[in-house]
Structures are given as C-alpha cells and as structure tokens.
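Secondary and tertiary structure notes
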Amino acid sequence: MDLNSINTQIATAVAGHAAAAAPAAASSAGSTFASSLDAALKAVSQGQAQADEMQRQFSLENPNVGLEDAVVAMSKANISFAAAVQVRNRLVQAYDQIMNMPV
C-alpha cells in the first residue's frame, strides 16, 4: 500500500472537483480541503515512520524502547492508515456519484 498513490488519487479528485465548481468559491474551499487532507496524510505518514523507528530501536536493543511501546506504535500506525484508506475510498465513491449525476 503506497501512500503516494493514495495522495495522487485524492489530489486528482479534488482538482477535478475544483475545476468543475465556481472558480472563486471552489478555489478557497478546495485549497482548505486539500491542505487539511494533506496534513492528515502527512500525520499518517509520520506515525508510520515513528512506528518503524521504534521497531528498529527495539530490534537494536535500545533500553529506552520496550516491546509494548513498539507494538502500540505499530498498531496506531496501522489503524490510522486503514482509516486514511477508508476516507480515500469514500471520497472516490462520492466523486464517482457526483460525476454520474445527470445534469
């Protein structure tokens, strides 16, 4: 599961929506939505990087990192990634429904 492909798909859907809507209203709302989506994806990526680092530190026998800390961090990263994938799926589904509406 690649985060860059998810980000690209969401950015494409947001860009298509912004181009179809009114220019003044969509550009301000689209940029706010896109920036909040980008921040959320960066937070997911940061959580995964932190979990990977904790796992690496545990495998190097760092006395400050316990097994339970590494497992909890990995579980949090897994849950946040699954939530991000579900949000992406719902956004793509909503975009498809909007594009299939009769005009």
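Remember, predicted model here, so these are calculated numbers, not experimental data.

Thresholds applied
- For every chain, the first residue of the written sequence is number 1, and numbering continues from 1 onward in sequence order.
- Restriction of local features to residues with pLDDT of at least 70 applies here, the model being predicted, together with a cutoff of 80 or more for giving and counting side-chain atom pairs; totals for whole chains, interfaces and linings are based on all residues.
- Values reported for side chains reflect all heavy atoms of the structure, with hydrogen atoms and water molecules removed beforehand.
- Numbered from the N terminus, helices here are DSSP runs of H or I no shorter than four residues, and strands are runs of E no shorter than two.
- With a 1.4 Å probe rolled over the protein chains alone, any residue whose accessible area is under 20% of its type maximum counts as buried; one over 50% counts as exposed, and the rest are partly exposed.
- Here, two residues are considered to be in contact whenever any of their heavy atoms come within 4.5 Å of each other.
- In short, Shrake-Rupley with a 1.4 Å probe defines the accessible areas, and a residue's cover is counted only from the protein chains shown.
- Expected helix span is computed as 1.5 Å times (number of residues minus one).
- Along the chain, pLDDT gives the predictor's confidence residue by residue, from 0 to 100.
- We call a set of buried Ala, Val, Leu, Ile, Met, Phe, Trp, Tyr and Cys residues a nonpolar core when their side-chain atoms join them within 4.5 Å.

1. What about the overall build of the protein?
- Summing up its helical and strand segments, the protein has three helices and zero strands in all.
- Taken from the N to the C terminus, the helices and strands of the protein come in the order α-α-α.
- Burial status across the protein gives 21% buried among its 103 residues.
- Within the protein, counting contacts between residues at least 6 apart in sequence, those at least 24 apart form 61% of the total.
- Approximately 7,200 Å² of the protein is accessible, and the part contributed by carbon and sulfur atoms is 60%.

2. Here's the deal with helix H3 (residues 67-99)
- With 33 residues, H3 extends 48 Å between its outermost C-alpha atoms, agreeing within 8% with the 48 Å of an ideal straight helix rising 1.5 Å per residue.
- The set of residues buried in H3 consists of Ala70, Ala73, Ala77, Phe81, Ala84, Val85 and Arg88.

3. Concerning the confidence of the model for the protein
- With 74% of its residues at a pLDDT of 70 or more, the protein shows a mean pLDDT of 82.
- The spread of mean pLDDT over the elements of the protein runs between helix H1 (residues 3-20), the lowest at 64, and H3, the highest at 93.

4. Examining the nonpolar core
- Residues Ile10, Leu37, Leu41, Val44, Phe81, Ala84 and Val85 constitute the largest nonpolar core, which totals seven residues.
- Mapped onto this core, the elements with two or more residues apiece are helix H2 (23-59) and H3.
- Sequence-distant contacts of Ile10, defined by excluding residues within four places in its chain, comprise Leu37, Leu41, Arg88 and Leu91.
- Listed in part, the five residues of the second largest apolar core include Ala51, Met54, Val65 and Ala73.

5. A word on unusual backbone geometry
- Even without glycine at this site, Glu61 takes up a positive phi of about 60 degrees.
- Mapped onto the elements of the fold, Glu61 is located in the loop between H2 and H3.
- Take Glu61: its relative accessible area is 69%, and that puts it in the exposed class.

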